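Examination of the molecular architecture
Each chain, written out:
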Amino acid sequence: MQGFMKLSRLFRLSSHLIPLIILAILISGLSDAKHPQPKNVQVSLRAKWSGTSLLLEAGELLAKEQKNNFWEFGKQWLESDHHLASTSPKDCFEEILKHGSYFLSGSLESYYQLSLILRSASPKLVLYRQLAQDSLSSFSLSHEESVNSENASDIYYKDLDRWPVSRNPNAPKGKCCWVDVGSTILFDVSELSAWLNTLTTLSQDSREEPEIFEFDHIYPESNRKSPGAVLYGALGTNCFSNFHLALVEASIKGKVQYVVRPILPSGCESEAEYCATVGTGSRLNLAGYGVELALKNMEYKAIDDSEVKKGITLEDPRTEDLSQEVRGFIFSKLLERKPELTADLMEFRDYLLSSTVSDTLDVWELKDLGHQTAQRIVQASDPLHSMQEINQNFPNLVSSLSRMKLNQSIKDEIITNQRMVPPGKSLIAINGDLINIESIDLFSLMGLVHGELSLADQIARLKVPQKDIKMLLYTPAPSEQGSFRLDFRSIHVHYLNNLEEDSMYRRWRSNLNELLMPVFPGQFHYIRKNLYHAVYIIDPSSAAGLKAVDTMMYMFENHVPMRFGIILFSSKLAESIEENDGEIPAYFEENNKNKFRKVEEDTSSLIISLFLYVEENYGTKMAVQFLIGLNNHWGVSKADDDEVVEKSYVEDAFVEALKSKANSPPQEILLKMKNELTFKERADQSTFFVYKLGLSRMQPCLLMNGLVYGSSQAQDEALQAMNEDLMKLQEGVYYGHINSRTDVLEKFLSESGHPRYNPHIIREGKDHQKFVSLATSVLKRDSVIVKLKYLHSPETEDDMKPVTHLLAVDLTSKRGLKFLRHGLRYLLDGTKRARLGILYNIDNPVSFPQGSPFLLLVKVIDFTASSFRYRAKALEFLNQLIIWYEAQHLYSSQTSNTNVEAFIEEVAKLAEANDLKSDRLRSALSEISWDSFKDYLQKVSGFLSSEFGLGSGDNAVITNGRVVLHKEDSFISDDLKLLETVEYDRRIKPVATIIEQVEWEGVDPDDLTRSWIRG
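Read on for an overview of the structure. All of these numbers come straight from a predicted model, not from anything done at the bench.

With that settled, consider the sheet that holds strand β7 (residues 257-262). Strand order in the open sheet formed by five strands is β4-β3-β6-β7-β5, and the pairing between neighbours is mixed. Two strands lie at the open edges of the sheet, namely β4 (185-186) and β5 (217-218), each paired on one side alone. When strand β6 (residues 228-233) meets β7, the two strands line up parallel, connected through six bridges. Within β7, the residue paired with Val230 across the bridge is Val259.

Within β7, six of the six residues are buried, which leaves it mostly tucked inside the rest of the structure. Burial along β7 is two-sided: the residues Gln257, Val259 and Arg261 and Tyr258, Val260 and Pro262 are all buried. In this sheet, β7 lies alongside β5 in antiparallel orientation, the contact comprising two bridges. If you follow Ile218 over to β7, its bridge partner there is Val259. The β-α-β motif built from β6, the intervening helix α8 (residues 238-252) and the parallel element β7 has right-handed crossover chirality.

The grouping of Phe329, Phe348 and Tyr351 at the surface amounts to a nonpolar patch, some 300 Å² of accessible area in total. Relative to the assigned elements, Tyr351 resides in helix α11 (residues 342-354).

The next point concerns the packing of helix α4 (residues 107-118) against helix α16 (residues 442-461). Relative to each other, α4 and α16 sit at 155°, their axes nearing to 10 Å. When the axes of α4 and α16 are compared, the pair comes out roughly antiparallel. Crossing hand, α4 versus α16: left-handed. Of the residues in α16, those in contact with Ser107, Leu108, Tyr111, Leu114, Ser115 and Leu118 of α4 are Leu442, Phe443, Met446, Gly447, His450, Leu453, Ser454 and Asp457. Its residues assigned to classes, the contact of α4 with α16 comprises eight nonpolar, five polar and one charged.

Mapped onto the elements, Arg563 comes out in strand β16 (residues 563-568). Buried within the structure, Arg563 lacks any salt-bridge partner; Glu501 is the closest side chain of opposite charge, at an N-O distance of 6.5 Å. If sequence neighbours within four positions are ignored, Arg563 has contacts with Tyr495, Asn497, Asn498, Leu499, Asn530, Tyr532, His533 and Ala534.

Turning to the sheet that holds strand β22 (residues 770-771), a few remarks are in order. Read across the sheet, six strands follow the order β22-β27-β26-β24-β25-β23 without closing on themselves; strand pairing throughout is mixed. Only two strands of the sheet have a single neighbouring strand rather than two, namely β22 and β23 (790-791). Packed onto the sheet, helix α30 (residues 814-829) meets β23, β24 (803-809), β25 (834-840) and β26 (956-959) and runs at close to 160° relative to β24.

The full count for this structure, using the stated rule, is three disulfides. The disulfide that involves Cys177 links it to Cys239, with 2.1 Å between the sulfurs. The sign of the 55° torsion about the S-S bond sets the Cys177-Cys239 disulfide as right-handed. Residue Cys177 is found in the loop between α6 (154-160) and β3 (178-180), and its partner Cys239 is found in helix α8; the two are separated by 62 residues along the sequence.

Quick notes on the rules
- Residues numbered from 1 in each chain as written.
- Predicted model: local features only at pLDDT ≥ 70, side-chain atom pairs only at ≥ 80, totals over all residues.
- Heavy atoms only, no water.
- Pairing = 2+ DSSP bridges.
- Helix = DSSP H or I, 4+ residues; strand = E, 2+ residues; numbered from the N terminus.
- Buried < 20%, exposed > 50% of the residue type's maximum accessible area, 1.4 Å probe, protein only.
- Right-handed = clockwise from strand over helix to strand, strands pointing away.
- Patch = residues over 30% accessible without salt bridge, like charges linked within 9 Å, V, L, I, M, F, W, Y side chains within 5 Å.
- Areas by Shrake-Rupley, 256 points an atom, 1.4 Å probe, with all protein chains shown as cover.
- Salt bridge = Lys/Arg side-chain N within 4 Å of Asp/Glu carboxyl O.
- Axes fitted to C-alpha atoms, helices over the stretch in contact; angles between N-to-C directions.
- Parallel < 35°, antiparallel > 145°, perpendicular 65-115°, else oblique.
- Left-handed = near helix turned anticlockwise from the far one by under 90°.
- Contact = heavy atoms within 4.5 Å.
- Nonpolar A, V, L, I, M, F, W, Y, C, P; charged D, E, K, R; others polar.
- Lys, Arg positive; Asp, Glu negative; His and termini not counted.
- Disulfide = S-S within 2.5 Å.

None of this, on its own, says anything about what the molecule does.
Structural data, given as structure tokens:
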């Protein structure tokens, strides 16, 4: 046979994981008759690294389902001794499957078995090898001799030594396990015990700790703030078992953060049990990568075509015409005579159809070859096997395919599909999600399938009816929103111009179809229509704000087709509003309405008041000219952005602006303005409006039709924003959604406008959002989430809540108390779609003494959420409780005892004032088991650390699995409302629609909503 072979595609592996390809071509005819060689070409793909332990790979695969599975699997393997009797790789493989299947169910068990066969977790173990090599290298131990350097596979490994990834570290000092604590390496349990005893004498700053990564296996009960101890070793070795038991005990006591990196060093095979070595002694062949052999037969034969028998088109495309002759057999008659041999006859017919026929084809016989091939696959008893056989042997089968009678219904179906998919293109969809065929490979496909199987398994465990699981799996993935528009419509917007009414735009055309006409780069569509609303949010006392005014005026004077506007606010007053719990500070003393309260002089509020006065008496353009005059008096172009204008410049600019216009001297007007509250209140309301929008920390900023842009000084920023909205406007005009009578701003903001902006909430993409799946936690009976009691808005307790907010709060800080109050206010304002749970994120709660005011506060909140959450005034009671606690006990020593009886009496008075039964509250506070309660708080803190990666004392909100940290920025009740709206519209709504229609059997829907978490 003459032929040639070529690789059909490149194997896309990373540069340090490129496998060796060994091709063995065995050609028939070269051997004698007694030992004929196969005619096929055998291809194997070998990795650059030596084999890894199948037992360790199993642990990695199980950890993909749930992190705790890694530890449970190891515990189960150590406690069992059945595997010790295994003497063959097959026996060990079955034992590993049996132990791993205990943690899986249904299809996931089959996926686990397939992944083990494909060795898909081997690269992860190679990563741990590299980390182990780095650990030894840092202490100059990487070149130690192994305990058994004369390994049988050493010759093979020497060929691979030029690749760093191929090297399996030798056992240092003859030890197969070691613990890296950062400052040293420990090789014996006695050394570990000695090191643990020294931890109490070392300060945290003086300790050198190993680097711990997100993919590491961290013991669930470890304290994330404790010193790190990384165990390098393999399950199945005695040293691993000894180290593991000692580190687990130390981890439970909070002494260390215990991490395992599975590795079986080279030369330690003799020290491990047999099953731990399976997979290490042989070369690793990689599956999932193939080659295409293009063989060309140079011999040509001319044979007459047989006549195609005419038949009747079948109605059912999956039913073949068995009366058609196949190699001289009419199978319809054979089946009538021998119905008991139906299976054998059909298998024989498939064989005849797939056998080689050396016929040549005429051109016209190729016309429907694609349709005939599809029909053969669809009608085969095993379609997948038929597709594989045709794909691999198409030249041999093309003749029989061309003689197949084409069912018209098959052809019609293909033509219908081609209207949706271009001819010649192929699509793959998994539960409705399209897959890119060009970049798909076996492992990425398995990853997608695993995600779907895992999700289906989690939903099934929640007792969702089977018929609804498929609908849930078909819900579309959350789409990345192209734009977030802020609804800024208000009386506080001061527009400089109006393109539809001002005379300066009278010569412009009003036909919106002009938007669809091409223009030269840098040119605009000059249309007499308010298509672009450029509104600047500025603090007029800052240099940055006044520079933004200059930019706006420059574009206005150069006839840029935008409607310009400004919203003024005071940064200083906005900070006061935030400190005053979201309220504008009062002007008068609390007990004397005739006496002004002493407040710090605010230049911004003065400028805003003067601006409003000029606007009311002389128009907006004159008011803007006042700001321009202020620029000129100050020389703002030379000032730094964070500089603040002096009050004298403000007064001079005001006098200059009104000198030729005012009937009375401008100086007298200034004196009157000091005692005039009307404009001051309007100025404060403007600042409050900006605070509620969430833009008080972003000044200056630009709103282009509601789209938020942070930097608004540069002219290019506004023009770029204009171009970004042009496409949406063109689309609206083209499809008739926007016409000459359409108010563009009203349309955009009514369709997708939001009342508040928070960059931490609206950002899209994996770089800006963190999602954590809580499905596995929900399924655990002793989980913190399962035992949590939720708060609801009044009169909505029995409604299904598709949105769940988990507030992680540190109640020992003012920030945490304020955060919780805003959460309660969010519920008091009313929400029908969400509920709120409170998780206490406290640093070392065990250290608080009995009777601590903090512990009493937490117990009252916990008891109220558990027993009084259905009471109308329960939320108001908690709000008043936190205000009282902040005033009376926050700044006292949290670790000191307090008068418990006095504390209980004050709480009881608040409870009675809000129609709650104080006797039940007294009883609960008097019967506290302090030790168990502190253990519960410790468990909650550990849960927040392990599941969400929160540090002790961090404040955050977790909304259906999305983690949003509350750092330095303001986070108020309106932000929770925004978070609810954004998450519901983008991710939750399709699921909630399905859940509302489910007919439940023995399941409380309210308990189920906590599980709709996307990770």
